[in-house]
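What the coordinates show
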Amino acid sequence: MAEVIGVKFKDVGKSYYFDPEGVKVEEGTWVVVKTARGEECGIVAISNKEVSEEEIVKPLKSIVRIATKEDIARMEENKEKEKQAFEICEKKIAAHKLEMKLVDVEYTFDNSKILFYFTADGRVDFREIVKDLASVFKTRIELRQIGVRDEAKMLGGIGICGREQCCSSFLGDFQPVSIKMAKEQGLSLNPAKISGTCGRLMCCLKYEQDVYEDLLKNTPKIGAYIETPDGRGIVEDMNVLTGNLVVRLDKNKEGAPKNYFKGEVTIIKDAQISVDKSDAEELKELE
């Protein structure tokens, strides 16, 4: 076991473990730590705790100090510099006529490097703009191409549910999301209804999936053959959250289907939820 603290460098992001060097650090405290790219200032999201050696990415780096007023002031100063750098970089992109969109700019804590994050449809030759930016800022420059999900996380916004985007409010990492998840959750495979502002499948499909998988274990699927209090029939529709079923009875196939609750029926032969090949191909770009 090893004692660690968890530190975040962005409001919404992953927590990284560091060695507190025997210092008790409360959650919400700003600290300066050693990282792969030099000293960085972050906020403690997890106070001192013990974790197993398997949970640690070695070598475990340590904190340098509790952040001082000067450290906090430097962070604020860097934020102002980032705004100026953003404007300068946009002008350079226009001057070089590059097909790229600048998303964010980040100064390292010690000002040894400036990172420019951008999106583009394909590969971009940005060697000349790197030279221009280096001549302006007199420090190391790194241009990093990111995906549309990362762009949405950085910029933030409101999802189609009316709430702040999951990726920019609480999700630390992106997880793979599939069309099948939307199908299993009973959603219409309409791109406008299952994709987020990034144009990809909504992240909520993933973190809600465990609940749906658990409910589906004892809920007859559409097409399932079941025994009801009124005889046998086939499930024509179902609501996985409420457990309500619409069933067409064998003895009255031409009549109106009847409604049942899943607890009232017995599954004789369940069906499978699958995505049509044509739908999967058409919606592949959303994943």
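Up top is the structure.
Residues numbered from 1 in each chain as written. Predicted model: local features only at pLDDT ≥ 70, side-chain atom pairs only at ≥ 80, totals over all residues. Heavy atoms only, no water.

1. A few points about the sheet that holds strand β8 (residues 140–145)
Taken together, three strands build an open sheet; the order of strands is β6-β7-β8 and the sheet is mixed. Only two strands of the sheet have a single partner each, and these edge strands are β6 (101–107) and β8. Taking the axes of each pair of neighbouring strands and ignoring which way they run, one obtains an average angle of 20 degrees across the sheet. Two strands pair when backbone bridges link them, and strand β7 (residues 113–119) and β8 are joined in this way by six bridges, in the parallel orientation. If you follow Tyr-117 over to β8, its bridge partner there is Arg-144. Across the sheet, helix α1 (residues 69–96) lies against β6 and β7, angled at about 145 degrees from β6, the strand it touches most. (Pairing = 2+ DSSP bridges. Helix = DSSP H or I, 4+ residues; strand = E, 2+ residues; numbered from the N terminus. Axes fitted to C-alpha atoms, helices over the stretch in contact; angles between N-to-C directions. Contact = heavy atoms within 4.5 Å.)

2. Quick notes on the nonpolar core
In this structure, Met-100, Phe-116, Leu-133, Phe-137 and Leu-143 are the most contacted members of the largest nonpolar core, which totals 18 residues. Excluding residues that lie within four positions of it along the chain, Met-100 makes contacts with Ile-93, Phe-118, Thr-119, Ala-120, Val-124 and Leu-143. Ranked by size, the runner-up nonpolar core spans 15 residues in total, among them Leu-189, Leu-201, Cys-203 and Leu-283. (Core = buried A, V, L, I, M, F, W, Y, C linked by side-chain atoms within 4.5 Å. Buried < 20%, exposed > 50% of the residue type's maximum accessible area, 1.4 Å probe, protein only.)

3. Digging into helix α2 (residues 127–137)
Every buried residue of α2 is listed here: Ile-129, Leu-133 and Phe-137. Axial view of α2: buried residues confined to an arc of 60 degrees, hence all on one face. In α2, the exposed positions angled more than 90 degrees off the buried face are occupied by Arg-127 and Lys-131. (Arc of directions from axis to C-beta.)

4. Examining the packing of aromatic side chains
Counting across every chain of the model gives five aromatic pairs. Here Phe-9 and Phe-18 contribute two aromatic rings whose centre-to-centre distance is 6.1 Å and whose plane-to-plane angle is 85 degrees, an arrangement assigned as edge-to-face. Overall, the relative accessible area of 32% leaves Phe-9 in the partly exposed class. Here Phe-18 falls in the buried class, since its relative accessible area comes to 5%. Linked through ring pairs, Phe-9, Tyr-16 and Phe-18 together constitute an aromatic cluster. The side chain of Arg-74 reaches across the aromatic face of Phe-109, ending 4.7 Å from its centre. Directly above the aromatic system of Phe-174 lies the positively charged group of Lys-153, at a separation of 5.7 Å from the ring centroid. (Phe/Tyr/Trp six-rings, centres within 6.5 Å; stacked < 30°, edge-to-face > 60°. Lys NZ or Arg CZ within 6 Å of the ring centre and 35° of its normal.)

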